[in-house]
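Here is what each chain is made of, one letter per residue.
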Amino acid sequence: MALILAGQVLSFDGSPFEGDDPCEHVRLNEAVLVEHGKIIAMGAPDVLQAHAPTAALHDYGHDLILAGFVDAHVHYPQTAMIASWGKRLIDWLNSYTFPEEMKFGDRAYADLIANRYLDLTLANGTTTVSSFCTIHPESVDALFSAAQTRGQRLVAGKTCMDRNAPAGLQDTPQLAYDQSAALIERWHDVGRLSYAITPRFSPTSTPAQLEAMGALWKDHPTCLMQTHLSEQTDEIEWVKSLFPQARDYLDTYEEFGLLGARGIYGHAIHLKERERHRLREFGASLIHCPTSNTFIGSGIFDLAGLMAEGQRIGLATDTGGGSSFSMLRTMAAAYELGQLNGTALHPTQLLWLATQGSATALRLDDKIGNIAPGLEADLVVVDLQSTPAIAQRSERAQDLWEAVFPTLMMGDDRAIKQVYVAGQPVQTSR
Ligand code: GUN
Ligand code: ZN
């Protein structure tokens, strides 16, 4: 059935990081027409009604209607141990993460957490994620099945590790290749699902496993490849000791065919000049995870500098290293880290990062991440006065951006009034 959603419909016809005016590429419409899961047109409600007389009209008043948020780097298996206290990356992995990930060989537990995770993220307005799973194929089947049932677009992959992890969380180069290949066969490009080859990070893979992952990517070049890069300084020192011949951290991937245009590199905080140059040359994607970078004490991502040199950048929660499921909270953290680095990100830039920026980073911008004719109708309706604190601030706003910014800084799942997945309203549970 056709739907017309009326409100402040916000879309982009370019990046707000390009040019002098961050509002130059923003388009506001009064309504959007959706049919058969796709966006058909934007415009005035009466014009859209003339176009589709049988369409049902939902009037959201002054609410903002956006593309659903795209979270470009998450670990759904870390849902139940989010907000674990007091450790930095390596200790945090060993103390909290690996024990939890051990449980995902049990398909029933994987199903439980996969559905809990998608419930939580949908309630926060996130319609697509790119997720690491665990070493267990069951964990991958659980998440893809849950997303398929909901009609959601999803990127995910089996996390491969063959050293520096508990025995129960290790595979081998051959097993990693074979199990990943079978999962690609089962899920890649099935409906709205796509597969990301997922070596966790170079400390937990032997050179032989990285080589196997490189060979797998070569055999399946339409897959994405997701991993971690240069998150913490002691991690980088560890990588140096494990790969003494490597020029830098990125080189441990590059040497094994794991640098490419469809490569997605989480964190990328402490990059050397050569690494920046090679990432840009290949058109690889860097994923900014600001709540994680503060929560586990990783450092400050050079968003402004990397954007200025033309890197492809997405935004992510990095749940559960990140301390939130909310892309609103994540935009607030990105703003705060930007301020510490001397750049005030404009609300249009924050919203673009959380939608089209992340979709572009995942090479899905021809399908999701914006409101434009032909794109899939994953939409979120945002209440700009969702709490008394936000309402009293946005009431005195002089323009739209001043009305939006308090929700970006102080908003949470209470601001998410409605979510549509492929044009269907979703019943979210908070
Ligand atoms: N590096 C390797 N694994 C992880 C993980 O699970 N979370 C984060 N934040 N960094 C990682
Ligand atoms: Zn991560």
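Everything numeric here is computed off the predicted structure, so don't read it as measured data.

How each quantity is defined
- Residues numbered from 1 in each chain as written.
- Chains lettered and ligands numbered in written order.
- Predicted model: local features only at pLDDT ≥ 70, side-chain atom pairs only at ≥ 80, totals over all residues.
- Heavy atoms only, no water.
- Helix = DSSP H or I, 4+ residues; strand = E, 2+ residues; numbered from the N terminus.
- Buried < 20%, exposed > 50% of the residue type's maximum accessible area, 1.4 Å probe, protein only.
- Lys, Arg positive; Asp, Glu negative; His and termini not counted.
- Salt bridge = Lys/Arg side-chain N within 4 Å of Asp/Glu carboxyl O.
- Polar contact = N/O pair within 3.5 Å; in protein donor to acceptor, adjacent residues only side chain to side chain.
- Contact = heavy atoms within 4.5 Å.
- Donors = N, O, S within 2.8 Å, 3.2 Å for Na, K, Ca; no water.
- Tetrahedral: all angles 85-135°; square planar, octahedral: opposite > 155°, others 65-115°.
- Pairing = 2+ DSSP bridges.
- Near = heavy atom within 4 Å.
- Areas by Shrake-Rupley, 256 points an atom, 1.4 Å probe, with all protein chains shown as cover.
- Nonpolar A, V, L, I, M, F, W, Y, C, P; charged D, E, K, R; others polar.

### Remarks on the side chain of Glu 275
Here Glu 275 lies in helix α9 (residues 273-282). Salt bridges are absent for the buried Glu 275, whose nearest opposite-charge side chain, Lys 272, sits at 5.0 Å. One polar contact links the side chain of Glu 275 to the main-chain amide nitrogen of Lys 272, over a distance of 2.7 Å. Apart from residues no more than four positions distant in its own chain, Glu 275 is found in contact with Leu 229, Ser 230, Asp 248, Tyr 249, Leu 250 and His 270.

### Observations regarding the coordination of the zinc ion (ligand 2)
Taken together, His 73 (NE2), His 75 (NE2), His 228 (NE2) and Asp 318 (OD) make up the protein donors of the zinc ion (ligand 2), found 2.0 to 2.5 Å from the metal. Seen from the zinc ion (ligand 2), its four donor atoms lie at angles of 90 to 163°, and the figure they make is irregular. Of note, the donors binding the zinc ion (ligand 2) are all from one chain and are spaced H-x1-H-x152-H-x89-D. With a gap of 245 residues between them, His 73 in strand β5 (residues 69-75) and Asp 318 in the loop between β13 (312-315) and α12 (327-340) connect regions that are remote in the sequence. Here the two residues His 73 and Asp 318 agree in accessibility, since each one is buried.

### Quick word on the pairing of strand β1 (residues 3-12)
For β1, the tally of buried residues reaches nine of 10 residues, placing the bulk of the element in the interior. Across six bridges, β1 lies against strand β4 (residues 56-67) in parallel orientation. By the bridge assignment, Leu 3 is partnered in β4 with Ala 56. Examined bridge by bridge, β1 and strand β2 (residues 26-35) share eight bridges and lie antiparallel to one another. Looking at the pairing, Ala 6 lines up with Ala 31 of β2.

### A short note on the pattern of salt bridges
Across all of its chains, the model carries 24 salt bridges by this definition. Between Arg 274 and Asp 248 there is a salt bridge whose closest N-O contact spans 2.6 Å. Taken together, the residues span a long stretch of sequence, with Arg 274 in helix α9 and Asp 248 in the loop between α7 (233-242) and α8 (249-254) at a distance of 26 residues. Judged by its relative accessible area of 9%, Asp 248 is buried. Sharing partners across several salt bridges, the network here consists of Arg 247, Asp 248, Asp 251, Glu 254, Arg 274, Arg 278 and Glu 281.

### Here we look at the site of ligand 1
Among the 13 residues in the neighbourhood of ligand 1, the closest are listed as His 75, Gln 78, Arg 200, Glu 231 and Asp 318. Within the contact set of ligand 1, an oxygen atom lies 2.9 Å away from a side-chain nitrogen or oxygen of Gln 78. Contact between ligand 1 and Arg 200: a nitrogen atom at 2.8 Å from a side-chain N or O atom of the residue. Protein contacts shield 100% of the accessible area of ligand 1, which totals 280 Å² for the unbound molecule. Residues that form the shell around ligand 1 fall into these classes: five nonpolar, five polar and three charged.

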